[in-house]
Amino acid sequence: MPAFLSADLLIQGSYLLTAFLFIMGLKRMSSPVTARSGIVWAGAGMLLATLVTFLYPDMTNYPLIIAAIVVGSAVAWWSGKRVAMTDMPQMIALYNGMGGGAAAAIAAVELYRGGDHGLVTMVLAVAGGLIGAVSFSGSLIAFGKLQGLIKRSFRFSGQQIFNLLLLVVALALGGMVALHLNASPAIVTAFFAAALLLGITMTLPIGGADMPVVISLYNALTGLAVAFEGFVLGNAAMIIAGTVVGSAGTLLTQLMARAMNRSLGNVLFSGFGESGGGAAGEVTGSMKSIEASDVGVMMAFASKVIIIPGYGMAVAQAQHKVWELTQLLVDRGVTVKFAIHPVAGRMPGHMNVLLAEAGVPYDLIADLDEINAEFETADVALVIGANDVVNPVARNDKSSPIYGMPILNADKAKNCIVVKRGQGAGFSGIENALFYLDNTRMLYGDGQKAVAELIAAVKAIG
Amino acid sequence: MTGIVALYIFMLAAFTGYEVIAKVPVILHTPLMSGSNFVHGIVLVGAMVALGTADTTLEKTIGFIGVLLAAGNAVGGYVVTERMLEMFKSSGANKGGRSKGAH
């Protein structure tokens, strides 16, 4: 090999190219037109970086490395291919936790080895280990909660103080290791044990509805941990990719929290997500039901229909039927649009994924800011599987826990039809004032069955 | 790599991440979170080096787990992101593509 083409140059040059591909890939992923190619670009970068790393000087244990890559990849490939779109958020949590665990493992190898590192390197190794371990165990809990494996929210009095103490213990142990005061294996082990426990106790009390924000936060934290371990290993690709994810993830987390009208501190430390706010102000009036055939006529002769889908629609697997209904109406000359609340589904953008799965083109889908002014000109607003995001009490009832959350103005449409299984309250347990309005009619039944009846009703008109 | 150069990289990368995401429409939040989740799968190269330089059984065991987890992060992140993004189509593209639903 000629002198100017050393292995080191090849490795560093490839890492540079990888960083470029990652950034361009993320950039392309931020527009629906180019998004598909974005992940392919980033994937090419990952493949390149992985291959050249085998050329690293002074490496051994190649059989172990290859075995771990093959097993890890195979399991992830298999699980990623067969997960349902509705379960996507917890799958992201799981893969993210694995990344955090890997960052913690790098830190653990360095710390157990007790190499002769400078202070800054040691501090970063410990910090990356702490963050990675918290992200690992926290993400696993988030996965367990969304998957329904963990049903309770474990709360006890003094929980915040307990978590704070745990953090102090972890920091103290990490400080001892970083400052070379006592880096014995026992102390390193205790440090990681405290960090893992902290991730668990931090995440357990957070309710299911807030989980997406937490997953996004852990995603950003894993990025940061990867960047820190990149410093320790002198690996520029890890520093750049980790930091880009860290800052992008932080911004995404803020956007999500804002869309839910919550602050990040509120999500992490209040535990609202599941307990609900209890009874808000009294709602007057009564719910009035309607038959599918009447709704079919109403929609078939409307000039504009706005559909508001919620997670309930996806659970009932009704999205394909909804798209079929939409096509029927469009063929009759009705303007149909989908209105998506920022937190529809389990996380921002999740509903778009679920509608895309059913084949709904993304240019029929409008978000809250675009569509809210249009409800006044709509003949029918069809609410299917959504609840809190169309609750007018968020606008005017200061005592309600969802007061101030931006909502879709379904109540402003000439007619509002709510497809609902029964008369109970929604996910948050808050009574929905929309259901009692004079222009609202309830279409009771399972989402999929109800929409099938609507399709039959529209077809019957001919 | 000197410490100060690493700090410059850190700062510039942080701005880059912010700028890349800043103008993203809500509809892409979930795929993008998944995509950035894939990108930090680059931890795989670090885990490979950690395992490749491990000596004791303890180091090798932890390194092995690290590579295993990192490979899962990278591959799983890629597969689910690709599956989600594959489905985004405009109505123009949709007409020529697969026909949907029972007409």
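In what follows, the structure referred to is the one given above.
Residues numbered from 1 in each chain as written. Chains lettered and ligands numbered in written order. Predicted model: local features only at pLDDT ≥ 70, side-chain atom pairs only at ≥ 80, totals over all residues. Heavy atoms only, no water.

**Some points on the overall build of chain A**
Then, in step 1: Scanning chain A for helices and strands turns up 17 helices and six strands.
Then, in step 2: Dimensions of chain A, computed from the C-alpha atoms along their principal axes, are close to 80 × 55 × 35 Å.
Then, in step 3: Taking all 462 residues of chain A together, 58% fall into the buried category.
Then, in step 4: Long-range contacts, defined here as pairs at least 24 residues apart, represent 77% of the contacts in chain A between residues at least 6 apart.
Then, in step 5: Accessible area for chain A stands at about 18,000 Å²; split by element, carbon and sulfur atoms hold 65% of it.
Then, in step 6: Looking at chain A, you have 27 positive and 28 negative side-chain charges, and the mean spots of the two groups are 3 Å apart. (Helix = DSSP H or I, 4+ residues; strand = E, 2+ residues; numbered from the N terminus. Buried < 20%, exposed > 50% of the residue type's maximum accessible area, 1.4 Å probe, protein only. Contact = heavy atoms within 4.5 Å. Areas by Shrake-Rupley, 256 points an atom, 1.4 Å probe, with all protein chains shown as cover. Lys, Arg positive; Asp, Glu negative; His and termini not counted. Charge placed at Lys NZ, Arg CZ, Asp CG, Glu CD.)

**Comments concerning helix 11 (residues 292-300) of chain A**
Residues and elements named next belong to chain A.
Then, in step 1: When we look at burial in helix 11, the residues that qualify are Ala292, Val295, Gly296, Met299 and Ala300. For helix 11, the arc enclosing every buried residue in end-on projection is 130 degrees, short of the 170-degree limit, so these residues lie on one face.
Then, in step 2: On the buried face of helix 11, the contacting elements are strand 1 (304-309), helix 13 (319-331), strand 4 (380-384), strand 5 (415-420), strand 6 (440-444) and helix 17 (447-461). (Arc of directions from axis to C-beta.)

**Let's talk about a nonpolar patch on the surface**
All names here are of chain B.
Then, in step 1: A cluster of nonpolar side chains, namely Ile4, Val5, Leu7, Tyr8, Met11, Leu12 and Phe15, defines an oily patch on the protein surface of about 730 Å² accessible area.
Then, in step 2: Within the secondary structure, Val5 is located in helix 1 (residues 3-22).
Then, in step 3: Of the residues examined, Val5 reaches a relative accessible area of 40% and is grouped as partly exposed. (Patch = residues over 30% accessible without salt bridge, like charges linked within 9 Å, V, L, I, M, F, W, Y side chains within 5 Å. Salt bridge = Lys/Arg side-chain N within 4 Å of Asp/Glu carboxyl O.)

**A few points about the environment of Leu26(A)**
Then, in step 1: Counting through the fold element by element, Leu26(A) comes out in helix 1 (residues 7-28).
Then, in step 2: Residue class for Leu26(A) comes out buried when judged on its relative accessible area of 1%.
Then, in step 3: Here the alpha-carbon distance between Leu26(A) and Ile39(A), two residues 13 residues apart in the chain, equals 7.4 Å.
Then, in step 4: What Leu26(A) contacts, discounting residues up to four positions off in sequence, is Val244(A), Val20(B), Leu32(B), Gly35(B), Ser36(B) and Val39(B).

**Describing the interface of chain A and chain B**
Accessible area lost upon the coming together of the parts is a frequently used measure of interface size.
Then, in step 1: Taken together, the 106 residues of chain A in the interface contact 80 residues of chain B.
Then, in step 2: Approximately 8,300 Å² of surface area, both sides summed, lies buried where chain A meets chain B, with 77% of it carried by carbon and sulfur atoms.
Then, in step 3: Connecting chain A to chain B are two salt bridges.
Then, in step 4: Across the pair Glu59(B) and Arg113(A) runs a salt bridge whose closest N-O atoms are separated by 3.6 Å.
Then, in step 5: Across the contact surface, chain A and chain B share 17 residue pairs in polar contact (both at pLDDT 80 or more). (Buried area = accessible area lost by both parts, 1.4 Å probe. Polar contact = N/O pair within 3.5 Å; in protein donor to acceptor, adjacent residues only side chain to side chain.)

**Quick word on the sheet that holds strand 1 of chain A**
Residues and elements named next belong to chain A.
Then, in step 1: An order of 3-2-1-4-5-6 is seen for the six strands of this open sheet, with the pairing classed as parallel. Both outer strands of the open sheet, strand 3 (365-367) and strand 6, are each paired with one neighbouring strand and no more. Each adjacent strand pair in this sheet contributes to an overall mean axis angle of 25 degrees, direction not counted.
Then, in step 2: Pairing of strand 4 with strand 5 involves five bridges; the strand directions are parallel. What sits directly across from Val380, in strand 5, is Asn415.
Then, in step 3: Running over the sheet, helix 13 touches strand 1, strand 2 (335-340) and strand 4 and is turned about 145 degrees from strand 2. (Pairing = 2+ DSSP bridges. Axes fitted to C-alpha atoms, helices over the stretch in contact; angles between N-to-C directions.)

**Observations concerning the side chain of His341(A)**
Residues and elements named next belong to chain A.
Then, in step 1: Considering the arrangement of structural elements, one finds His341 in the loop between strand 2 and helix 14 (350-358).
Then, in step 2: Residue classification places His341 among the buried positions, given a relative accessible area of 1%.
Then, in step 3: Here the side chain of His341 touches Pro406 through a polar contact of 2.6 Å, landing on its backbone oxygen.
Then, in step 4: When sequence neighbours within four positions are dropped, the list of residues in contact with His341 reads Ala259, Leu368, Val389, Met405, Pro406, Ile407 and Leu408.

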